[in-house]
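Below, each chain spelled out in residue letters.
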Amino acid sequence: MRTIITATLLTIAATPVAAMDSFIVGPRALGMGGAGTAATDDNTASFWNPGMYGFFHRRNADGTTLASDPNDVGRRTWGIGFVDAVIGYEIRGRLADNVQQLADSNLSKLSGLNAATATANDLQTAVTALTLLQNFDAGHDTVALNANIGVMGIRIGHVGIGARQFAQGFVSIADKDLTNIGIAVSGGLNVLDAINTPTATPTGWTTGFSNLIPVGSQAYTDLTVALGAVVGGSTSVPDAISKLDYAASQAGLTEADLTAIGSGTGALINAINNITTDVNQNVTAVFTGGFTVAELPVTYGYALNDQLSIGVNGKLMIGKVAAAKARLISGTDKLSTLLQDAFDKSEQTVTGGIDVGIVWRNSWLQAGLTGRNLNRPILKGGTYKDADGFAFTVADVPLDPQATFGLALYPFQTLCLTGDIDLTENKSVIKTVSGRPGLPVATDPVLKIENVTRRASAGVEWNAFRFLAFRGGVSKNLAESDSSAMIHAGFGVNFWLLRADLAASMATEKVTVDGKQYPKAGSVGLGVTMDF
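Residues numbered from 1 in each chain as written. Predicted model: local features only at pLDDT ≥ 70, side-chain atom pairs only at ≥ 80, totals over all residues. Heavy atoms only, no water.

*Asks:* Explain the overall build of the chain to me, and be specific about the residues and the numbers.
*Replies:* Secondary structure summary: the chain contains 11 helices and 22 strands in total. Burial statistics for the chain: of 532 residues in total, 56% are counted as buried. When contacts within the chain are restricted to residue pairs at least 6 apart in sequence, those whose partners lie at least 24 apart make up 73%. As displayed, the chain offers around 20,600 Å² of accessible surface, 61% of which is attributable to carbon and sulfur atoms. (Helix = DSSP H or I, 4+ residues; strand = E, 2+ residues; numbered from the N terminus. Buried < 20%, exposed > 50% of the residue type's maximum accessible area, 1.4 Å probe, protein only. Contact = heavy atoms within 4.5 Å. Areas by Shrake-Rupley, 256 points an atom, 1.4 Å probe, with all protein chains shown as cover.)

So, in structure tokens, the structure goes:
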């Protein structure tokens, strides 16, 4: 399982799949917590706030700084953003926990639990795998990867042009199959015997062990009925339940996990009741998909007076939707090729977008308001083939309007305190429908991955002698309660006309994968610009 997930992540990282979301553009804003609506001061204003262009190259008649210009953006006559890029990831929901539980497991072992050589590890694997399938929330337990890169962002006075590509992709599970999970399809033993065979008895287990399946609980009652219906059991049902309990405890599962799979129509009950089904026919699939949007913007800003400016960003948008799918039990090695083929053959969408920005300022404060994709452009979905050759569709993707408000306080010209808040909940939605024939009745053919962001951010920048800039900040996604707060930091160095910037962010919460801890989310950014 670890190999599957790693390979899939590498596939996405190497393939341009994406979605529009609440992106952070440029390393300067990334270093300040993702706040740029009121503090932007270079070519990335095309994204953050087109209204700032009205204040570029605007000074007193004698060339001195305007009294209402708190950070002297009026000195900027023209500039080139040679390149800037921000790349990030987020591990969402319980995905990391599930991957950790299956890091050394293989779903194919489910079909061998009935063999006379069944081991304690097989028993632990079976319980863990069934728990993963039962609890996996395909729409939320995902890995999200995102990136944006801008090249040759040229700013001349109040006009800007350039090119930028946004990308975001997801990894999740589709066609979750809780029917084809039989654990007794071969060998001379039934399920009860397989669990109680000496080789399957976990080391350290003692008769009467009870932890996650207490006697009298719903799971205990339902497992007693299911196991008791198995013909030919050589030892007691209570011992079998106790060993399942012990194996689950060793795997780090919870009582809630065992209640979910061991009662009602849970996965473990299904596995016992459907001993003629074959896990090798399980249709649960790894799904990876998203879409990409390249933007070619033309930005113009107009200052109504020294304190108020408005700007418009008209952009040509070229996008593609791509997706790939392969059964978890086999075929995941084809994901990379399938995804690349899907991207190459998918229909290209050519459309346009409109952004509008407003900036108000005085001698120590700037306020900004930006609306993006106000015309709600739509990217076309398509039909693709999974690793077994069956078709599945991905729906059209609307790029809904977004609105962000920001403030920037300048106690000194070289010190900026800034903050942004999204006024809208910004969604990246991938919806796919399986066309695989003969799906089990309980398997939902529809998968909807919905990544929702509403970022609140705050940051600071100190420009020491306008040569070395130090930045820091914090941010939080207010739209999802299980998202982690983010810590941001960065710096910039001015080499006369050239400026180089680096930044990074890291979640305050960590997840454990393969025994190692990683931040739940993170990103890095860099950029090189020239300003006159």
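*Asks:* Run through the side chain of Thr37, naming residues and quoting values.
*Replies:* Relative to the assigned elements, Thr37 resides in the loop between helix H2 (27-31) and helix H3 (45-48). Engagement of the side chain of Thr37 in a polar contact is seen with the side chain of Asp420, the distance being 2.7 Å. With sequence-adjacent residues up to four places away left out, Thr37 is seen in contact with Trp48, Asn49, Gly368, Leu369, Thr370, Thr404, Phe405, Gly406 and Asp420. (Polar contact = N/O pair within 3.5 Å; in protein donor to acceptor, adjacent residues only side chain to side chain.)

*Asks:* How would you explain empty space enclosed by the protein if you had to name every residue and give the values?
*Replies:* Under the criterion given, the structure shown has 7 cavities of 30 Å³ or more. Volume-wise, the largest cavity comes out at about 490 Å³. Of all the secondary structure elements, the ones that give two or more residues to the lining of the largest cavity are strand E1 (78-91), strand E2 (143-156), strand E15 (446-453), strand E17 (468-477), strand E18 (486-495) and strand E22 (521-531). Among the elements that take part in the lining of the largest cavity, E1 stands out by supplying 4 residues, more than any other. Here the residues of the lining of the largest cavity sort into 8 nonpolar, 15 polar and 5 charged. One number sums up the size of the second largest cavity: a volume of about 260 Å³. Taken together, 30 residues form the lining of the second largest cavity, with Ser46, Phe47, Arg164, Glu295 and Pro297 sitting closest to its centre. Here the lining of the second largest cavity takes 6 residues from strand E3 (residues 159-174), the largest share from any one element. Its residues assigned to classes, the lining of the second largest cavity comprises 11 nonpolar, 12 polar and 7 charged. (1 Å grid on protein atoms, 1.4 Å probe; cavity = no way out; pocket = protein on both sides within 12 Å on 5 of 7 lines; lining within 4 Å. Points joined across faces, edges and corners; volume = space filled by probe spheres on them. Nonpolar A, V, L, I, M, F, W, Y, C, P; charged D, E, K, R; others polar.)

*Asks:* Tell me about the environment of Ala248, and please be specific about residues and values.
*Replies:* Take Ala248: it is sitting in helix H8 (residues 237-250). Sequence-wise, Ala248 and Thr125 are 123 residues apart; in three dimensions their C-alpha atoms are separated by 9.0 Å. What Ala248 contacts, discounting residues up to four positions off in sequence, is Val127, Leu212, Leu253 and Leu258.

*Asks:* Go over the packing of helix H5 (residues 120-135) against H8, please, and point to the residues and values.
*Replies:* Interaxial distance between H5 and H8 falls to 9 Å at its minimum, and their mutual angle equals 75°. Considered as vectors, H5 and H8 are oriented roughly perpendicular to each other. Touching Leu123, Gln124 and Val127 of H5 are Lys243, Leu244, Ala247, Ala248 and Gln250, all from H8. Classifying every residue of the contact of H5 with H8 by side-chain character gives 5 nonpolar, 2 polar and 1 charged. (Axes fitted to C-alpha atoms, helices over the stretch in contact; angles between N-to-C directions. Parallel < 35°, antiparallel > 145°, perpendicular 65-115°, else oblique.)

*Asks:* Can you tell me about helix H9 (residues 255-262), naming the residues and giving the values?
*Replies:* Residues Asp257, Leu258, Ile261 and Gly262 constitute the buried set of H9. Relative to the axis of H9, the buried residues are bounded by an arc of 105° and lie together on one face. In this structure, the buried residues of H9 make contact with H5, helix H7 (218-228), H8 and helix H10 (267-273). A positive phi of about 60° marks Gly264, the residue just after H9. (Arc of directions from axis to C-beta.)

*Asks:* Can you lay out the pattern of salt bridges for me, pointing to particular residues and giving the numbers?
*Replies:* Evaluation of the coordinates by the stated rule reveals 24 salt bridges. One salt bridge connects Arg155 with Asp531, and the closest N-O pair in it is separated by 2.3 Å. Here Arg155 is found in strand E2, whereas its partner Asp531 is found in strand E22, with 376 residues between them in sequence. Each member of the pair, Arg155 as well as Asp531, is classed as buried. As a salt-bridge pair, Glu450 and Lys448 come within 3.8 Å of each other at their nearest N and O atoms. Glu450 sits in the partly exposed class, given a relative accessible area of 28%. Taking relative accessible area as the criterion, Lys448 reaches 45% and is therefore assigned partly exposed. (Salt bridge = Lys/Arg side-chain N within 4 Å of Asp/Glu carboxyl O.)

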